[in-house]
Amino acid sequence: MSQFMVEFALPAEITEEFTVRIPLQRLKVNELMENGKLITYALSFDRQKLWCVVKAQTEFEVMEIVSEFPLINFMDPIITELMFNNIVSLRMPLFSLN
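This structure is a prediction, so every number in the text was calculated from the model and none was measured.

A. Representation of the overall build of the protein chain within the structure. Of regular secondary structure, the protein chain possesses two helices and four strands. In the protein chain, the succession of helices and strands from N to C terminus is β-α-β-β-α-β. Taken over 98 residues, the protein chain has a buried fraction of 26%. Long-range pairs, those at least 24 residues apart, make up 69% of the contacts in the protein chain between residues at least 6 apart in sequence. Of the roughly 7400 Å² that the protein chain leaves accessible, carbon and sulfur atoms contribute 57%.

B. How the structure looks around the packing of aromatic side chains. As enumerated under the stated definition, the model contains three aromatic pairs in all. Centre to centre, the rings of F18 and F74 are 5.3 Å apart; their planes meet at 85 degrees, and the pair counts as edge-to-face. Placement of F18 in helix α1 (residues 16-34) and of F74 in the loop between α2 (59-66) and β4 (76-81) is noted, with a sequence separation of 56 residues between them. Owing to a relative accessible area of 6%, F18 belongs among the buried residues under this scheme. Residue class for F74 comes out partly exposed when judged on its relative accessible area of 22%.

C. Representation of the sheet that holds strand β1 (residues 2-9) in the model. Strand order in this open sheet of four strands is β2-β3-β1-β4, and the pairing throughout is antiparallel. The open sheet is flanked by β2 (38-43) and β4, the only strands paired with a single partner. Direction aside, neighbouring strands of the sheet carry axes that sit 20 degrees apart on average. With eight bridges joining them, β1 and strand β3 (residues 49-56) adopt antiparallel strand pairing. Looking at β3, one finds that F4 is bridged to V54. α2 rests against β1, β3 and β4 of the sheet, and its axis sits at about 125 degrees to β3.

Scoring rules and cut-offs
- Residues numbered from 1 in each chain as written.
- Predicted model: local features only at pLDDT ≥ 70, side-chain atom pairs only at ≥ 80, totals over all residues.
- Heavy atoms only, no water.
- Helix = DSSP H or I, 4+ residues; strand = E, 2+ residues; numbered from the N terminus.
- Buried < 20%, exposed > 50% of the residue type's maximum accessible area, 1.4 Å probe, protein only.
- Contact = heavy atoms within 4.5 Å.
- Areas by Shrake-Rupley, 256 points an atom, 1.4 Å probe, with all protein chains shown as cover.
- Phe/Tyr/Trp six-rings, centres within 6.5 Å; stacked < 30°, edge-to-face > 60°.
- Pairing = 2+ DSSP bridges.
- Axes fitted to C-alpha atoms, helices over the stretch in contact; angles between N-to-C directions.

Written out as structure tokens, the structure reads:
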């Protein structure tokens, strides 16, 4: 299974139609993260760029996954296959009964 970085340029003007879909986008992102298809999801501070890392076999599969985004009609994805992706995960200390 490969990982792909997907970069989206967001519209300069945010319309009502876009704003209404944001909660649906968040729900879809959470669903994709829970089922392991989406590894990371990040928005730039100026809200002009969005990035995500998708786990998939092919670029076509990545397009199928991101096409589920409720905001996809407002974004044009640029897909890049990654050689590697280092993710720092927070580790919880092991609980000891001692």
